[in-house]
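Below, each chain spelled out in residue letters.
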Amino acid sequence: MPIFQKTSQPDHSVDFANLPRHVAIIMDGNGRWAKKRGLPRTAGHAAGAETFRTIATYCKEIGLDYLTVYAFSTENWKRPQDEVNAIMGLLKKYLLESIEKMERDRVKMAFFGDLSPLTPELRALCQRTQEISKNYEGCQVNICLNYGGRDEITRAVRGIAADWLKEGRDPASITEQDITSRLFSAGVPDPDLIIRPSGEIRTSNFLLWQSAYSEYYFTDVLWPDFTKEELIKAIGAFQKRSRRFGGV
Ligand code: FPP
């Protein structure tokens, strides 16, 4: 049995009163989407950013508590400079628009990742959107930016080591909660459902700690082609799963 199975037979029936609290998405397939159309990869990212807007708005509409998206990983710096610049440019555009519409949309935004290598301008935009929206209620959108699951855990472990050393504490007293509370996602419940479009079946360093009991949903649809209906299919499939968290 493969560990992760692609979902066949999607089910469209969704119980909107019983949605997952937290959905996370690996927005994959932008490059292939562009290639299929003879366009530069950056055009795929632009289309992917539009899809993100649509899906984030829809998540708020249907009443999801949290949406987390993987926008740029700690490994994505290896991409050609023009592609990195294009993704950063799209983020800037999105954040500027978000600030403009913030009072109307009231979407709470947060960022997971080490923002220090970003340009001061982009970093300031991230801080501003987070600050303005911090008291908004309803859906919280977390954008993973320069994010890596291993990097996140390494930082948490370093923080614990420093605190324990300073306070002369016994390493045996370290708890899972000590790690959880030092992650970028501190205070946010673990994702119930993680969606990966584009046909790739791997986690790619996304929410490694938080995904211990997440349900995965894989689809061949490329991210720019992902629609509200695809999200509903994923949620429908999720609702058919039996979650036992290691129990029976
Ligand atoms: C993965 O597809 C996608 C990325 C590394 C970038 C995702 C960025 C966006 C959707 C745009 C900016 C985001 C926001 C939140 C406004 P890929 O390039 O690896 O695709 P491929 O596997 O087909 O090459």
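For the structure itself, consult the block above.
Here's a quick rundown of the structure. (Residues numbered from 1 in each chain as written. Predicted model: local features only at pLDDT ≥ 70, side-chain atom pairs only at ≥ 80, totals over all residues. Heavy atoms only, no water.)

1. A word on the site of the ligand
Taken together, 17 residues lie around the ligand, and G31, R32, R41, H45 and R79 are the ones closest in. One of the backbone nitrogen or oxygen atoms of N30 is found 3.2 Å away from an oxygen atom of the ligand. Among the secondary structure elements, those contributing two or more residues to the shell around the ligand are α1 (30–36), α2 (41–62) and α3 (81–105). With five residues, the single largest contributor to the shell around the ligand is α2. Partitioning the shell around the ligand into residue classes produces seven nonpolar, six polar and four charged. (Near = heavy atom within 4 Å. Polar contact = N/O pair within 3.5 Å; in protein donor to acceptor, adjacent residues only side chain to side chain. Helix = DSSP H or I, 4+ residues; strand = E, 2+ residues; numbered from the N terminus. Nonpolar A, V, L, I, M, F, W, Y, C, P; charged D, E, K, R; others polar.)

2. Looking at α3
Residues lying three or four places apart along an α-helix face the same way, a consequence of the helix completing one turn every 3.6 residues. In the structure, α3 departs most strongly from a straight axis at I99, where the bend amounts to approximately 45 degrees. Structurally, α3 contributes buried residues whose contacts are with α2, β2 (66–73), β3 (108–112), α4 (120–133) and β4 (140–147). Following α3 by one or two positions, R106 adopts a phi angle in the positive range, close to 50 degrees. (Bend = angle between axes of the 7 residues up to and from the residue. Contact = heavy atoms within 4.5 Å.)

3. A word on the pattern of salt bridges
Across all of its chains, the model carries 23 salt bridges by this definition. One salt bridge in this structure joins R104 and D105, with 2.8 Å as the shortest N-O distance. When its relative accessible area of 62% is taken as the criterion, R104 is described as exposed. Of the residues examined, D105 reaches a relative accessible area of 29% and is grouped as partly exposed. Residue R182 is joined to D163 by a salt bridge in which the shortest nitrogen-to-oxygen separation is 2.7 Å. (Salt bridge = Lys/Arg side-chain N within 4 Å of Asp/Glu carboxyl O. Buried < 20%, exposed > 50% of the residue type's maximum accessible area, 1.4 Å probe, protein only.)

4. Topic: the nonpolar core
One finds F52, L67 and L231 to be the most contacted residues of the largest nonpolar core, which totals 48 residues. Counting residues per element, this core draws most heavily on α3, at eight residues. The contact partners of L231, leaving out residues within four places of it in the chain, are V23, I55, Y58, C59, I62, I195 and F226. Counting 13 residues, the second largest nonpolar core, distinct from the first, contains Y66, F112, I194 and F206. (Core = buried A, V, L, I, M, F, W, Y, C linked by side-chain atoms within 4.5 Å.)

5. What to know about helix α5 (residues 149–167)
Look at α5: 27 Å from first C-alpha to last across 19 residues, which is about the 27 Å you get at 1.5 Å a residue. All of the buried residues along α5 are G149, E152, A156, I160 and W164. One side of α5 carries all its buried residues, which in axial view fall inside an arc of 95 degrees. Facing away from the buried side of α5 by over 90 degrees, the exposed positions are R150, R158, L165 and K166. Buried positions along α5 lie against β4 and α6 (176–180). Taken from the residues just after α5, G168 is the one with a positive phi, measuring 60 degrees. (Expected span 1.5 Å × (residues − 1). Arc of directions from axis to C-beta.)

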